[in-house]
Amino acid sequence: MNRLEALLAELDDDQKLAVMHGEGPLLVVAGAGSGKTRVLTYRIAALLARGLAQPHEILAVTFTNKAAREMAERVESLVGGSLRGGFVGTFHRFALKLLRNHAREAELPERFAIADEDEQRQILDRVMKRLEIPSTRLTPRAARSRISAAKNALLGPKELESRARGDAERLVAELYAAYQDELRSAAAVDFDDMLLGAVSLLEHHDALRKSLVSRFRWLLVDEYQDTNLAQARLVRLLGGKTPNLTAVGDEDQSIYRWRGAEVENILHFEAAYPTAHVVTLGRNYRSAEPILRAAAAVIERNSRRRPKKLSSEVGSGAPVTVYLAADEADEARFVADEIGRLRGSVSPGEIAVLFRVNAQSRPFEAEMVRRALPYVVVGGTRFWERKEVRDALAYLRLLVAPDDVLAFRRAIHVPARGIGQVAMEHLERAAATWGVPVPEAARRLPVELSPRARLAVGEFNTLLGELRALAADAPAAEVVRRLLDRSGLAAQYGSEDEDDRARRANLDQLVAAAAEATERDLDLSGFLDEVALLTDADVRREGDAVQLSTLHAAKGLEFAAVFLVGMEDGLLPLRREGNGEADEEEERRLAYVGMTRAQRRLFLTFARVRRVNGQLLSGRPSPFLLDVPRELVDDRTAAAGRDPFRSHAPQPHRHGARSPADFREEHSGPRSTDHGPRSSSRHPDGWRPGLKIRHATFGSGVILQVQGTGAQTRLVIFFDRAGRKTLIPSLAKLERA
DNA sequence: GCTTGCGGTATTTTT
DNA sequence: TACCGCAAGC
C-alpha cells in the first residue's frame, strides 16, 4: 500500500476524495488553480495502485495534444512506465483512430483524407458557385461555421433542414447537404465528422461498442465544460450501462461556446448521470488572495454556474493594479514600464500580457521591441497552416492516398506547371464521365488536354509515381526531403529575402518533424494523421520571454504576473451585432480565466481611446473592471489625475472630450532612450552605421548608430515608416537589406 | 499563368 | 489600419 500512501500524502482532503472515488460516475468541479491535472493523474495512478484498473483499461481524453502529452508524462512518472494499451489523447485523435480501424463499418473509404478548414471553405466555395448562391447571401466562411455548429450539435443535413426557419436557415441546410456530398466524393472527412463518425459508428455497431465499453473500463475526461454534444454523446456511449466516468472541469472556465461547447454538459452532469458523485475542489494553490477575490467578484455575477468559493492557499499579496491609459500606445508603455520594474524579481517567462483579440498585440510588440524586452506572440500564423507547409503536405497525402482529390487540386498547381483552369476543367469533366476520381483521370491523360497540358500532367504523374516508390520503403524524412527537391517546391523560395528564408526554415522544420515521427515508429500515413491533428500550440513554448497571448490561448497556464489589457466595454465583453446576453456570461468567464492565470501580480488596464481596425473608439471601462471591489485595487490612474471609476460614466459621444493627443501629452513624460555604451565603427557582428536593414514590424530602415557588442549590442535605427528606434539585433529580427 | 491593384472585411480558434 | 481574396492586365 506504500505507493498509494505516498500518492495520497501529496493531496488535500477534497483532492483525496476525488482520487479515491471508486466505481461509478464522478464529477470533479475543479476551480481555477485547484490542482485539476494533479487529481486526474493521481487518480489514474491510484486506480492502478489499488488494483482497480489495468493500464489498458484507461481511456483519458483531453482537448489539446499538449494537455494530453502533459497528462501522459505525469502519469508515466507517477506509475513508472507508460499506460500500455491504454489511451491518453485528444477526442479527435481517439475518434480518428476508431474510424481508421473501422473504416468499412463507418462507411468510409479505406484511406479517407482529412479536410482542414481551408479545404472546407474551398469545397463550400465550389458548392456555392455550382448552386449559384451569391456570396452576398452567405460567405463560405460563415457557411462553414454554421455547418460546423450543426455537426457539433449532432444534426445532419436533414435534421437541420427540418428545423430551419426562414430562407437563410434553409439555405444553410441545403449547402450542408451539398457540402457533405462533395466531401464524400472527395473521400474526405472534416474535423467535426471525426466525432460524428465515431458517434454513429458506436451507435450502429453494437458489438464494437460493447467491446470498447468492456475494454476501456475507466474513462476520464478533462475540461468537461468544453465538451460539445457530440463529445458528450461519445463519452456516454463509451461509458456503457455502468460508466466509470470521471469528468473534470469548471463551468466558470468554459470559453469555447462559439465552438460548440455546451456548459450545460457540466452543469447538468448529475441529470445525465444520476448516480454521480460530485467533488468540489475549493482550494486554490495559484493566486494570492486579492487576485482571487477580484476574480471571484467578476465571476459571481454569472447565473449559469454552481455557486462556489475558492480559498487562496497562497495567502495575502499585492492589490490588483488598475490603470487607465490615454490610448493603446500609452497602455503599452505602462505595461512595459511595469514589466521593467518587475524584472528584478520576476523573469520574463513568468509574465503574460493577455488580450481579447489578436489585433491588440501590435502596440505591445512595438513597445517590447523598443525596450528590448524579450517576448513571444502566442498564436499568429500557425506553422501547419502556412502555404509552403500545406503544399508539401498535399504531395505527401497524394503519396499515401493517390486519389485524394483535395490534395491533388492543390499540389498540381504548385509549383506552377502550366496547368490552368482550362486543363483542370478537362480533368474534372473526364473524371465525371469515367466515374473516377480526378487524380485517376489525370493518370489516364484524357485526349481533351492540350499537348502542353498533357505533358505537364504526365510529368506530374511521373513525379508522384517516383516519390510513391520511394515512400514504400524510405523513412518519412527522406521522402519529404526528396519531394521538396524533386518537385521544385523548395526551389520556389530560393531568394535571400526575409520571406523566402522563413519559408525555407519552415520546410526544414517539416523535414525535422518527419524525422522525429520516424523515430517514434510512425510511417508516412501515421505522420500525416498526426500532423492533421496538430496545432501550433504543440510546437511553441521556447525561451524566457514575456508571452503576448489571447485569453483563449492562455487557458490552463499560469504566470507570476499577468497584465489583462483592453478592459473596455465592447472589447472585453466583446460586443458585435447579434451578441446576446448569453455571450456576456462567456465574456465574463473569459475575464475570469485571464485574472486567475495570475499568481502574485495582476494588472488590469484599459484605454480611454483606442484605434480598432482603423477607427477611433472611445472606451468606457469594462463592467467587469467595475465589479472589482475598490478595496482590492491600487489605482495608478488616480496618481495621474484621472479616476477610472468616477470620470468615465458612459459617454455616447466624445463631445468635449480631450483629444488623444492631449492624453498622450499628459502621460508621456520625458522618456530616456539611449543608454548603453557607445562604440565606434567596425562591429564584430558586422553592424555599421549607414547599413540598410529590414524589420518584420517596422519595415526598412537605416542604422544610425551601433552601441555595445555581443548580447549588449544595440542599434539605433531610423525606419522609413516608424521613425527612430533602438533595437537589440539578437532579439529583433533584423535582415540586411 | 503570374503580377498588380482594388475593395471588402475585420473575434476568439483546443482539433 | 492592414490584410486577403479576387479580377483585370501582362
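Everything numeric here is computed off the predicted structure, so don't read it as measured data. (Residues numbered from 1 in each chain as written. Chains lettered and ligands numbered in written order. Predicted model: local features only at pLDDT ≥ 70, side-chain atom pairs only at ≥ 80, totals over all residues. Heavy atoms only, no water.)

Visitor: How do you make sense of the overall build of chain A when you look at a structure like this?
Guide: Helices and strands together make up the secondary structure of chain A, namely 30 helices and 23 strands. Split into buried and exposed, the 737 residues of chain A put 52% on the buried side. The contacts of chain A with a sequence gap of at least 6 include a subset with a gap of at least 24, amounting to 74%. For chain A, the accessible area works out to roughly 33,400 Å², and carbon and sulfur atoms hold 49% of it. (Helix = DSSP H or I, 4+ residues; strand = E, 2+ residues; numbered from the N terminus. Buried < 20%, exposed > 50% of the residue type's maximum accessible area, 1.4 Å probe, protein only. Contact = heavy atoms within 4.5 Å. Areas by Shrake-Rupley, 256 points an atom, 1.4 Å probe, with all protein chains shown as cover.)

Visitor: What should I look at first to understand the environment of Pro243 in this one?
Guide: Among the secondary structure elements, Pro243 is positioned in the loop between helix H12 (229-239) and strand S7 (244-249). Pro243 sits in the buried class, given a relative accessible area of 9%. Separated by 32 residues in sequence, Pro243 and Thr275 place their C-alpha atoms 9.8 Å apart. In this structure Pro243 touches Gly24, Pro25 and Tyr273, once residues within four positions along its chain are discounted.

Visitor: Just to check I follow, could you spell out the sheet that holds strand S2 (residues 58-62) for this structure?
Guide: Pairing between sheet strands relies on hydrogen bonds along the backbone, with the strands arranged either parallel or antiparallel. In space, the six strands of this open sheet follow the order S3-S2-S6-S7-S1-S8, with parallel pairing throughout. Either end of the sheet is taken by a strand with one partner, and the two such strands are strand S3 (87-90) and strand S8 (277-281). Strand-to-strand, the axes of this sheet are offset by a mean angle of 15°, without reference to chain direction. Relative to S8, strand S1 (residues 26-30) is paired through five bridges, and the arrangement is parallel. By the bridge assignment, Leu26 is partnered in S8 with His277. Relative to the sheet, helix H2 (residues 13-20) contacts S1 and S8, its axis offset from that of S8 by approximately 145°. Where helix H5 (residues 91-101) meets the sheet, it contacts S2, S3 and strand S6 (218-221), and its direction lies at approximately 110° from that of S3. (Pairing = 2+ DSSP bridges. Axes fitted to C-alpha atoms, helices over the stretch in contact; angles between N-to-C directions.)

Visitor: What is the right way to read the nonpolar core from this model?
Guide: In terms of nonpolar packing, the biggest core is built from 81 residues, with Trp384, Leu396, Phe408, Leu427 and Phe527 touching the most fellow members. The element contributing the most residues to this core is helix H18 (residues 387-400), with nine residues. Leaving out residues up to four positions away in the same chain, Leu396 has contacts with Val479, Val480, Leu483, Leu524, Phe527 and Leu528. Counting residues in hydrophobic clusters, the runner-up holds 43 residues, among them Ile114, Leu195, Val235 and Ala247. (Core = buried A, V, L, I, M, F, W, Y, C linked by side-chain atoms within 4.5 Å.)

Visitor: Mind showing me how you'd approach the pattern of salt bridges here?
Guide: When their charged atoms lie close together, side chains carrying opposite charge are able to pair. All told, the structure shown has 60 salt bridges when counted by the stated rule. Residue Lys151 pairs with Asp190 through a salt bridge whose shortest N-O separation is 2.6 Å. Here Lys151, found in helix H7 (residues 140-152), pairs with Asp190, found in strand S5 (residues 188-190); they are 39 residues apart in sequence, far enough to count as distant. Given a relative accessible area of 1%, Lys151 falls into the buried group. Put simply, Glu586 and Arg589 hold a salt bridge, and the shortest N to O gap is 3.0 Å. Separated by three residues within a single helix, Glu586 and Arg589 lie in helix H27 (residues 581-595), roughly one turn from each other. As far as burial versus exposure is concerned, Glu586 and Arg589 are alike and both buried. Taken together, the shared-partner salt bridges connect Asp250, Glu251, Asp252, Glu270, Arg305, Arg306 and Lys308 into one network. (Salt bridge = Lys/Arg side-chain N within 4 Å of Asp/Glu carboxyl O.)

Visitor: I'm lost on helix H20 (residues 421-434) in this one. Help?
Guide: Each full turn of the α-helix corresponds to 3.6 residues, which orients residues three or four apart in the same direction. Here H20 spans 20 Å end to end across 14 residues, near enough to the 20 Å set by a 1.5 Å rise per residue. Here H20 has its buried residues at Ala423, Met424, Leu427, Ala430 and Ala431. What you see down the axis of H20 is that its buried residues fit within an arc of 125°, all on one side. The outward face of H20, more than 90 degrees from its buried face, is lined by the exposed residues Gln421, Val422, Arg429, Ala432 and Thr433. (Expected span 1.5 Å × (residues − 1). Arc of directions from axis to C-beta.)

Visitor: Could you clarify how one ought to interpret the domain arrangement of chain A in this entry?
Guide: Size of an interface, as often reported, equals the accessible area lost when the parts are brought together. For chain A, the assigned domains are domain 1 (3-103 + 196-283), domain 2 (116-185), domain 3 (311-381 + 540-647), domain 4 (383-532) and domain 5 (692-736). Counting from both sides, the interface comprises eight residues of domain 2 and, opposite them, seven residues of domain 4. At the surface where domain 2 touches domain 4, the tally comes to four salt bridges. Its salt-bridge partner being Asp116, residue Arg390 comes within 2.7 Å of it at the nearest N-O pair. On inspection of domain 2 and its partner domain 4, the count reaches three residue pairs in polar contact (both at pLDDT 80 or more). Of all the secondary structure elements, the ones that give two or more residues to the side of domain 2 that touches domain 4 are helix H6 (117-130) and helix H9 (166-185). Take the side of domain 2 that touches domain 4: its biggest share by element is five residues, from H6. Class assignment of the residues belonging to the side of domain 2 that touches domain 4 gives a composition of one nonpolar, two polar and five charged. (Domains from an automatic or database assignment. Polar contact = N/O pair within 3.5 Å; in protein donor to acceptor, adjacent residues only side chain to side chain. Nonpolar A, V, L, I, M, F, W, Y, C, P; charged D, E, K, R; others polar.)

Visitor: How do you make sense of the confidence of the model for chain A when you look at a structure like this?
Guide: Taken as a whole, chain A shows an average pLDDT of 83; of its residues, 83% reach a score of 70 or greater. Mean pLDDT per element in chain A: helix H30 (residues 660-667) is the minimum at 29, and S6 is the maximum at 97. Low pLDDT (under 50) marks residues 644-682, which in the prediction has 59 contacts with non-local residues, meaning those over four places away or in another chain. (pLDDT = per-residue confidence, 0-100.)

Visitor: Is there a simple way to think about the pairing of S3 in this case?
Guide: On any regular strand, side chains alternate: one points to one face of the sheet, the next to the other face. Of the pairings in the sheet, the one linking S2 to S3 comprises four bridges and is parallel in character. Each bridged residue has a counterpart across the sheet, and for Ala60 the counterpart in S3 is Val88. In the classification by handedness, the crossover that spans S2, the intervening helix H4 (residues 65-79) and the parallel S3 is right-handed. (Right-handed = clockwise from strand over helix to strand, strands pointing away.)

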